[in-house]
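Chains, contacts and geometry: an overview
Listed here are the chains, written in short residue letters.
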Amino acid sequence: MQDFQLDIVTPYGEIFNGRVLSVYLPGKQGEFGVLPGHCDMLALLQTGVIDIRSETEHDLVAINWGYVSISDNKVSVLADGAVCVHCGVHGKVSKALEQAKKLLEDASSDTSMIAGALRKLDEAK
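Residue indices follow the written sequence of each chain, beginning from 1 at its first position. Given that the model is predicted, a residue must reach a pLDDT of at least 70 before its local features are reported, and side-chain atom pairs must reach 80 or more before they are shown or counted; all residues, however, enter totals for whole chains, interfaces and linings. Side-chain metrics in this entry use all non-hydrogen atoms of the structure; hydrogen atoms and water are not considered.

The next subject is a nonpolar patch on the surface. A cluster of nonpolar side chains, namely L42, L44, W65, Y67 and L78, defines an oily patch on the protein surface of about 520 Å² accessible area. Numbering of helices and strands starts at the N terminus; helices are DSSP runs of H or I of at least 4 residues and strands are runs of E of at least 2. One can find Y67 in strand β8 (residues 66-71). Only residues above 30% relative accessible area that lack a salt bridge enter a patch, with like-charged residues linked at up to 9 Å and the nonpolar side chains Val, Leu, Ile, Met, Phe, Trp and Tyr linked at up to 5 Å. Here the open area of atoms and residues is found with the Shrake-Rupley method and a 1.4 Å probe, where only the protein chains shown may cover a residue. The term salt bridge refers to a pairing of a side-chain nitrogen on Lys or Arg with a carboxyl oxygen on Asp or Glu at a separation within 4 Å.

This part takes up unusual backbone geometry. Phi angles above zero are rare outside glycine, and D72 is one such case at about 50°. The phi torsion at N73 lies on the positive side, around 60°, for a residue other than glycine. Secondary-structure assignment places N73 in the loop between β8 and β9 (74-79). By relative accessible area, which is 39% here, N73 ends up partly exposed. Only protein chains enter the accessibility calculation, which uses a 1.4 Å probe; a residue is then buried when its area is under 20% of its type maximum, exposed when over 50%, and partly exposed in between.

With that settled, consider the environment of P26. Topologically, P26 is positioned in strand β3 (residues 22-27). Its relative accessible area of 8% is what places P26 among the buried residues. Sequence separation between P26 and Q46 is 20 residues; the distance between their C-alpha atoms is 5.8 Å. By definition, residues are in contact when any of their heavy atoms lie within 4.5 Å. If sequence neighbours within four positions are ignored, P26 has contacts with E31, L45, Q46, T47, G48, V49, I50 and I63.

To continue, consider the environment of G33. By secondary structure assignment, the location of G33 is in strand β4 (residues 30-34). Sequence separation of G33 and V23 is 10 residues, and the distance between their C-alpha atoms is 5.7 Å. Filtering out sequence-adjacent residues up to four positions away, G33 remains in contact with V23, Y24 and H38.

Before going further, it helps to spend a moment on the side chain of S22. If you trace the backbone, S22 turns up in strand β3. Judged by its relative accessible area of 8%, S22 is buried. Residues in contact with S22, not counting those within four places in the same chain, are F4, V34, L35, D51, I52 and R53.

Take a look at the structure:
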C-alpha cells in the first residue's frame with residue numbers, strides 16, 4: 001500500500017515523524033485530507049485536530065494553529081503548539097487528552113470549532 005512521509009514540528013521540537021497512509025488536517029478554509037500522490041500545496045491551519053492513519057496506528061495531534069506544506073509525497077506541518085495523543089498507550093492517553101483539550105480551549109474563542117475538535121478527541125478514548 002502506498003504511503004508518504006509526515007512531519008509535524010513546533011518551535012519546541014518534533015511531535016510526529018513517520019510514514020502514513022492518510023492525514024486529515026484542520027485547514028483555515030475547512031478540514032481536508034491528504035493521500036499519497038496529493039498535489040503540491042501550502043495552506044494555513046486553524047485550531048483543531050490532525051487525524052493520522054498508518055497501517056498499524058491511529059494518532060491524533062491537537063494544534064492551535066500552523067502551516068502545512070505538501071510536496072513530492074511529503075507533508076510538513078509547522079504548528080505553533082501541538083499535543084500528540086497516541087491512542088494505543090492508555091496510561092499516557094488520559095494526560096495527553098487533557099493537555100490537548102487545554103491547548104484547544106486556550107487557542108481560540110470559536111466555540112463551534114472547539115466543540116468539533118473536542119468531540120474528535122473524546123471519540124479517541
